[in-house]
Amino acid sequence: MNKRQLLRATILSAAALCLASRAPAQDFPPRKTVTLVVGFAAGGAADAAARLIAKKLGENIGQTVVVDNKAGAGGNIAHQQVANGPADGSMLLFGSIGPLTIAPHVMKVPYDPFKDLAAVSGGVNFPNVLVVRKGLGVKTLAEFVSLAKKKPGSVDYASTGAGSASHLAGELFEQRAGIQMVHVPYKGGAPALQDLLGDRIASYFSAPPTALPHIDAGTLIPLVTTGLTRPAYMPNIPTVAESGFPGFEALNWYAFVAPGKTPVAMLERWNQAIVKVLSDPGVKDVLNKHGLTPQPTSRAELTDFMKKEDAKWGAIVRERKITAN
């Protein structure tokens, strides 16, 4: 091979490598329907936020983004599905605090949140609100604690599944208040709320979007919120921290992740697209009105955040000796 042929071969090889490295970005959005998996039943806070974001995301990229509800096991079923899903950028997960940073400490899960799933962007966060049925006969947190102490094991609380944020909020509160309650897991916020409204359950550490309409209608009684400060949309509801339990905090959050082997270039493109949606004034306004705070992040920021949450809740699970049973 002479020098001219060698030079030509080198140029062609470099061009091919360049094209190959750019292929994932060029295929954005993927040339098939994009699926956004949600680990909870339709009608709850996660579903409502995911559908709003998916609609705007689809409009921005000019492609259909469908929401697929895979309820069950506190969201773990959905997380397993995505961990084993196509790594071509066509599948995203509206992942949540429970399956990503709590459940792996509570039970054996068939996925590693930090290996089988890849961080894309933060989504939304919000405190829970402890609501009780009207027939329970309590209107303050002090009355609720007093009732639970008088009849240990007689007061139950709903959650969106074992290892979920609402479950751990209840466990943490039991610890801090020195009471014994009964945990009743559901497949999502909507079915939990139905049983609460039907007087089949006493209380629920609910997401604000799920509970607010019923609080406004007077059919549920709000006792406290679980953040360190009162949310702007619930200024008259005290926090657990200011109701006799300083420092109590149990925030809920959702974040976007993808199958772990999804190409980095594709993950970066999805990060840009999702951050754009979460930064959209119209989307932010709707989310804020529903008690959800947009939390767009870089991929690295989300990974660091998840590691901190993993350490925090892992310690609580071990201290409380929480299991899925």
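The structure under discussion appears in the preceding block.
Residues numbered from 1 in each chain as written. Predicted model: local features only at pLDDT ≥ 70, side-chain atom pairs only at ≥ 80, totals over all residues. Heavy atoms only, no water.

I'm lost on unusual backbone geometry in this one. Help?
Leaving glycine out, the prevailing phi sign among residues is negative, and the prevailing peptide bond configuration is trans. Backbone geometry places Ala 73, a non-glycine residue, at a positive phi of 55 degrees. In this structure, Ala 73 sits in the loop between β2 (65-69) and α3 (76-83). According to the relative accessible area criterion, Ala 73 is partly exposed, its value standing at 45%. The phi angle at Asp 199 is positive, at roughly 60 degrees, despite the residue not being glycine. Inspection of the secondary structure assignment puts Asp 199 in the loop between α7 (189-197) and β8 (203-206). The partly exposed category is assigned to Asp 199, whose relative accessible area is 48%. (Helix = DSSP H or I, 4+ residues; strand = E, 2+ residues; numbered from the N terminus. Buried < 20%, exposed > 50% of the residue type's maximum accessible area, 1.4 Å probe, protein only.)

Please clarify how the pairing of strand β4 (residues 117-127) should be interpreted in this entry.
With respect to burial, β4 is a largely interior element, eleven of its eleven residues being buried. In this sheet, strand β10 (residues 251-259) lies alongside β4 in antiparallel orientation, the contact comprising nine bridges. Looking at the pairing, Pro 127 lines up with Leu 251 of β10. Alignment of β4 against strand β11 (residues 293-294), held across two bridges, turns out to be antiparallel. Counterpart to Val 124 in the pairing with β11 is Pro 294. (Pairing = 2+ DSSP bridges.)

Looking at this structure, I do not really get the sheet that holds strand β6 (residues 156-159). What am I missing?
One key point about sheets: their strands pair by backbone hydrogen bonds, in either a parallel or an antiparallel sense. As summarised here, the arrangement of the five strands in space is β7-β6-β8-β5-β9, forming an open sheet in which the pairing is mixed. Because the sheet does not close on itself, it has two edges, and the strands there are β7 (182-185) and β9 (220-225). Strand after strand, the sheet turns through a mean of 30 degrees between neighbouring axes, direction not considered. Of the strand pairs in this sheet, strand β5 (residues 129-133) and β8 are connected by four bridges, and their pairing is antiparallel. Bridge assignment links Val 132 to a residue of β8, and that residue is Ser 203. (Axes fitted to C-alpha atoms, helices over the stretch in contact; angles between N-to-C directions.)

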